Amino acid sequence: MQDNELYSGLIAPEKQAEYEAWLVERFGGDMEARIARSRKAMGDMSEAERAEMMAELQRVGEALVEGFRRGLPPQATALDPAIEAHREWVGDAWGRECTPEAYAGLADVYEHPDFRKRYETIEPGFAEFLTTAMRAWARRQG
């Protein structure tokens, strides 16, 4: 799964339905409403806005991967600018604020095998690094 598939509606409808069902089953509550809000936020963007959003995600991702490659521990505050940029990007994609608590919850979502696989293809070990960095940042905010 590539970023452009994940965030621009290029995932096969069956796969999208599978992800959404997994989210609702795992997190319950108002997850269906949250999914609808995110779908609307992304759908309300122009193609140019979505392209810029994906370019921003690419920049943020590169900064996080660079920290991983440099051997920074995922708890390092030196990662904060990239983590904060990622969190802000997520909020834009969701169409709502991404609180530290919600951001830590997103790290739980990234435990899905498809997400882990996607992040492991970037660099072996990156999936664990990213989720640990996300949770560590959220704890520091708390």
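This structure is a prediction, so every number in the text was calculated from the model and none was measured.

Peer 1: Help me understand the packing of aromatic side chains in this model?
Peer 2: Counted according to the given criterion, the structure contains 9 aromatic pairs. Ring geometry for Tyr19 against Phe115: centres 5.9 Å apart, planes inclined by 50 degrees, an arrangement best described as tilted. Of this pair, Tyr19 sits in helix α2 (residues 13–27) while Phe115 is found in helix α7 (residues 113–122), placing the two residues 96 residues apart along the sequence. Taken together through their ring pairs, the aromatic side chains of Tyr19, Phe68, Tyr110, Phe115, Tyr119, Phe126 and Phe129 make up a single cluster.

Peer 1: Would you take a moment to explain the nonpolar core for this structure?
Peer 2: In a soluble, globular protein the nonpolar side chains are often hidden away together inside. Ranked by size, the top nonpolar core spans 38 residues in total, and within it Ile83, Leu106 and Met134 carry the most contacts. Contact partners of Leu106, with chain neighbours within four places excluded, come to His86, Val90, Trp94 and Met134.

Peer 1: Got a minute to help me understand the packing of α2 against helix α3 (residues 31–43) in this structure?
Peer 2: In a packed pair of helices, the relevant descriptors are the angle between the two axes and the axis-to-axis distance. At a minimum axis distance of 9 Å, the contact between α2 and α3 shows a crossing angle of 140 degrees. In terms of orientation, α2 and α3 fall into the oblique class. Two secondary-structure elements touch here, α2 through Glu20, Leu23, Val24 and Phe27 and α3 through Met31, Glu32, Ile35 and Arg39. Taken together, the residues of the contact of α2 with α3 break down into 5 nonpolar, no polar and 3 charged.

Peer 1: Before we go on, may I ask you to explain helix α5 (residues 80–94) in this structure?
Peer 2: Residues spaced three or four apart along an α-helix face the same direction, because each turn holds 3.6 residues. Taking 1.5 Å of rise per residue, the 15 residues of α5 would be expected to cover 21 Å, and the 21 Å separating its terminal C-alpha atoms lies within 8% of that figure. Those residues of α5 that sit buried are Asp80, Ala82, Ile83, His86, Arg87, Trp89, Val90, Gly91, Ala93 and Trp94. Immediately beyond the C-terminal end of α5, within one or two residues, lies Gly95, with a positive phi of roughly 75 degrees.

Peer 1: In this structure, what is going on with the environment of Asp30? I would like to understand it.
Peer 2: Mapped onto the elements of the fold, Asp30 is located in the loop between α2 and α3. For the pair Asp30 and Gly67, spaced 37 residues apart in sequence, the C-alpha to C-alpha distance is 34 Å.

Peer 1: I keep staring at the pattern of salt bridges and nothing clicks. Help me out?
Peer 2: Where charged atoms from two side chains of opposite charge come close, those side chains can pair. A complete count under the given rule lists 14 salt bridges for this structure. As a salt-bridge pair, Arg69 and Glu123 come within 2.8 Å of each other at their nearest N and O atoms. Highlighted residues: Arg69 in helix α4 (residues 47–69) and Glu123 in the loop between α7 and α8 (126–141), separated in sequence by 54 residues. A relative accessible area of 23% means that Glu123 is categorised as partly exposed. We note a salt bridge from Arg116 to Glu111, for which the minimum N-O separation is 3.2 Å. Overlapping salt bridges bring together Asp108, Glu111, Arg116, Glu128 and Arg135 as one network.

Peer 1: What is the right way to look at the packing of α3 against α5 in this model?
Peer 2: Interaxial distance between α3 and α5 falls to 6 Å at its minimum, and their mutual angle equals 95 degrees. By the angle between their axes, α3 is roughly perpendicular relative to α5. Taking contact as the criterion, the partners of Arg37, Ser38, Ala41 and Met42 in α3 are, on α5, Asp92, Ala93 and Trp94. Tallied by class, the residues present in the contact of α3 with α5 amount to 4 nonpolar, 1 polar and 2 charged.

Rules used throughout
- Residue indices begin from 1 for each chain and proceed along its sequence in written order.
- Note on the predicted model: pLDDT of at least 70 is required for a residue's local features to be given, and 80 or more for side-chain atom pairs to be given and counted; whole-chain, interface and lining totals, by contrast, use all residues.
- Water and hydrogen atoms were dropped before computing side-chain values, which therefore reflect all heavy atoms in the structure.
- Pairing of aromatic side chains here covers Phe, Tyr and the six-membered ring of Trp, requires ring centres within 6.5 Å, and sorts the geometry by plane angle: under 30 degrees stacked, over 60 edge-to-face, intermediate tilted.
- Helix and strand assignments come from DSSP, with helices taken as H or I runs of at least 4 residues and strands as E runs of at least 2, each series counted from the N terminus.
- We call a set of buried Ala, Val, Leu, Ile, Met, Phe, Trp, Tyr and Cys residues a nonpolar core when their side-chain atoms join them within 4.5 Å.
- Under the scheme applied here, a residue whose accessible area is under 20% of the maximum for its type counts as buried, over 50% as exposed, and between as partly exposed, the area being computed with a 1.4 Å probe on protein chains only.
- Two residues form a contact once any of their heavy atoms are found within 4.5 Å.
- To define axes, lines are fitted to C-alpha atoms, for helices over the stretch in contact only, and angles between the resulting N-to-C directions are given on a 0 to 180 degree scale.
- By definition in this entry, angles of less than 35 degrees are roughly parallel, angles greater than 145 are roughly antiparallel, angles of 65 to 115 are roughly perpendicular, and the rest are oblique.
- Any residue outside Ala, Val, Leu, Ile, Met, Phe, Trp, Tyr, Cys, Pro, Asp, Glu, Lys and Arg is labelled polar, Gly included; the first ten of those are nonpolar and the last four are charged.
- Here the expected span of a helix is defined as 1.5 Å times the quantity of residues minus one.
- Within this document, salt bridges are pairs made up of a side-chain nitrogen of Lys or Arg and a carboxyl oxygen of Asp or Glu, the two lying within 4 Å of each other.

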